[in-house]
Amino acid sequence: MIEFIEIFNYVAKVARPAHAKVAIADSMADAFQDIGLDSLDGLVMLMYFDDLYGIEDAVSKEWAPTSVQELHDLVMANKTKEPASMEEVAEVCK
């Protein structure tokens, strides 16, 4: 099983503008602000997580997570599927 933080870090890397420093979370407690993610990064990331975990856009539009753990909890409570591999994550995030 893939660790959520591994998926989070991959999605964060893809969601950030090319010129921005890569945001890496070291723990589930890391706050988005502390690792350099802004609200636009978070919005783009949510779109990827919707696709990866089968979450309806209408559901995630109501979310305002501020940490990796908060995002994890929301995703786990609302998911209809899970990525089977990091290759699948990479394919969805193209």
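Since this is a predicted model, take the numbers as computed values, not measurements. (Residues numbered from 1 in each chain as written. Predicted model: local features only at pLDDT ≥ 70, side-chain atom pairs only at ≥ 80, totals over all residues. Heavy atoms only, no water.)

**Q** Would you mind going over the nonpolar core with me for this structure?
**A** In globular proteins that are soluble, nonpolar side chains generally tend to be buried together. Counting residues in each nonpolar core, the largest one holds 28 residues, and the members touching the most others are Ile7, Phe8, Phe49 and Leu71. Secondary-structure elements contributing two or more residues to this core are helix H1 (4–15), helix H2 (39–53), helix H4 (68–78) and helix H5 (86–92). In this structure, Phe8 is in contact with Ala25, Phe32, Ile35, Leu37, Met45, Phe49, Val68 and Leu71, ignoring residues within four places of it in sequence. (Core = buried A, V, L, I, M, F, W, Y, C linked by side-chain atoms within 4.5 Å. Buried < 20%, exposed > 50% of the residue type's maximum accessible area, 1.4 Å probe, protein only. Helix = DSSP H or I, 4+ residues; strand = E, 2+ residues; numbered from the N terminus. Contact = heavy atoms within 4.5 Å.)

**Q** What am I meant to see in the environment of Ala77 here?
**A** Mapped onto the elements of the fold, Ala77 is located in helix H4. Residues Ala77 and Met47, spaced 30 residues apart in sequence, show a C-alpha to C-alpha distance of 16 Å.

**Q** How should the packing of aromatic side chains be read in this particular structure?
**A** The geometry of an aromatic ring pair comes down to the distance between the two centres and the angle between the two planes. The final tally for this structure, using the stated rule, is four aromatic pairs. With 6.3 Å between their ring centres and 45° between their planes, Phe4 and Tyr53 make a pair best called tilted. Separated by 49 residues along the polypeptide, Phe4 in helix H1 and Tyr53 in helix H2 bring together distant segments of the chain. Note on Phe4: relative accessible area 7%, which makes it buried. Classification of Tyr53 as buried rests on a relative accessible area of 2%. Chaining the aromatic ring pairs together yields one cluster made of Phe4, Phe49 and Tyr53. (Phe/Tyr/Trp six-rings, centres within 6.5 Å; stacked < 30°, edge-to-face > 60°.)

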